Amino acid sequence: MNTWGLLAPGPSACADGLEGLPLGVIGNAFELAPWADFAASSDSAWWRRYPKAMDIPRRYSMLQTPDVERVRIPELGSTVNSGVLGLECAVRLGATRILLVGFDMRGSHFFGPYENGLRNTQPHQRAQHLKQYEAWARYRRAEVINCTEGSAINCFPRKSLDACLAELAAHRSGEARSVRQRLPEARVSGGGGVPRFA
């Protein structure tokens, strides 16, 4: 199981607990987790307004944007919202399980509305975005868990981030125990004291 975190910039966004996971960030969530493995934004104007996001090692957009890799999702059409783009990128990078954090989808961001000339998502657009999550969920075969309390996204199962992280820690502990049990005993040979596997 390859578990990734995916952090969106909704009002509930918080990077606490995500430090030990491979992580993708959506839009301004890069400000909360500058150590993220990738950043995704479908809006080329957003990339121009936030050049600091270029410090994230992998960058993805659905539109032609300088120094940002363009991603196409033919099953969903020419463009999708940045959250769906982030899901797609995480899967393409090897995620088999994705934990959604900050995906409120009820308007605004952790910093409030954009006041720098960028467009804020309107209610009719948000309804369209929710349908895009549903469409992506139908064709993609990744386990996605919505860890955002009160999220408007209903097409993925819900669980608290704490519960998911506890399960992950238990799983990793069990894997480590299993590996230790499978390792052959090391024996020390006579003179050199060098361990030798039986």
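Look a little higher up for the structure.
Residues numbered from 1 in each chain as written. Predicted model: local features only at pLDDT ≥ 70, side-chain atom pairs only at ≥ 80, totals over all residues. Heavy atoms only, no water.

Undergrad: Whenever I open this one, the layout of surface pockets confuses me. Can you help?
TA: If you roll a probe as big as a water molecule over the atoms, it shows you where there is empty space left. Empty space within the largest pocket amounts to approximately 910 Å³. If you trace the largest pocket, you find 37 residues lining it, with Asn 81, Ser 82, Arg 119, Thr 121 and His 129 closest to the centre. Put simply, the parts of the chain that give the lining of the largest pocket at least two residues each are helix 2 (82-92) and helix 3 (123-139). At six residues, helix 3 tops the list of elements feeding residues into the lining of the largest pocket. Its residues assigned to classes, the lining of the largest pocket shows 13 nonpolar, 19 polar and five charged. Of the pockets and cavities examined, the second largest pocket occupies roughly 170 Å³. Every residue lining the second largest pocket is listed: Ser 12, Cys 14, Asp 16, Gly 17, Val 101, Gly 102, Cys 147, Thr 148, Glu 149, Leu 161, Asp 162 and Leu 165. (1 Å grid on protein atoms, 1.4 Å probe; cavity = no way out; pocket = protein on both sides within 12 Å on 5 of 7 lines; lining within 4 Å. Points joined across faces, edges and corners; volume = space filled by probe spheres on them. Helix = DSSP H or I, 4+ residues; strand = E, 2+ residues; numbered from the N terminus. Nonpolar A, V, L, I, M, F, W, Y, C, P; charged D, E, K, R; others polar.)

Undergrad: What should I look at first to understand the environment of Glu 167 in this one?
TA: Structurally, the position occupied by Glu 167 is in helix 4 (residues 161-182). By relative accessible area, which is 36% here, Glu 167 ends up partly exposed. Excluding residues within four positions of it along the chain, Glu 167 makes contact with Arg 97 and Lys 159. Of the polar contacts made by the side chain of Glu 167, one reaches the side chain of Lys 159; its length is 2.7 Å. (Buried < 20%, exposed > 50% of the residue type's maximum accessible area, 1.4 Å probe, protein only. Contact = heavy atoms within 4.5 Å. Polar contact = N/O pair within 3.5 Å; in protein donor to acceptor, adjacent residues only side chain to side chain.)

Undergrad: Whenever I open this one, the packing of aromatic side chains confuses me. Can you help?
TA: Ring pairs (aromatic) are described by centroid distance and by the angle formed between their planes. Taken as a whole and judged by the stated rule, the model has 10 aromatic pairs. On the numbers, 5.0 Å between centres and 85° between planes, the contact of Trp 46 with Trp 47 is edge-to-face. The exposure class of Trp 46 is buried, given its relative accessible area of 2%. An aromatic cluster of at least three residues, connected via ring pairs, comprises Phe 30, Trp 46, Trp 47 and Tyr 50. (Phe/Tyr/Trp six-rings, centres within 6.5 Å; stacked < 30°, edge-to-face > 60°.)

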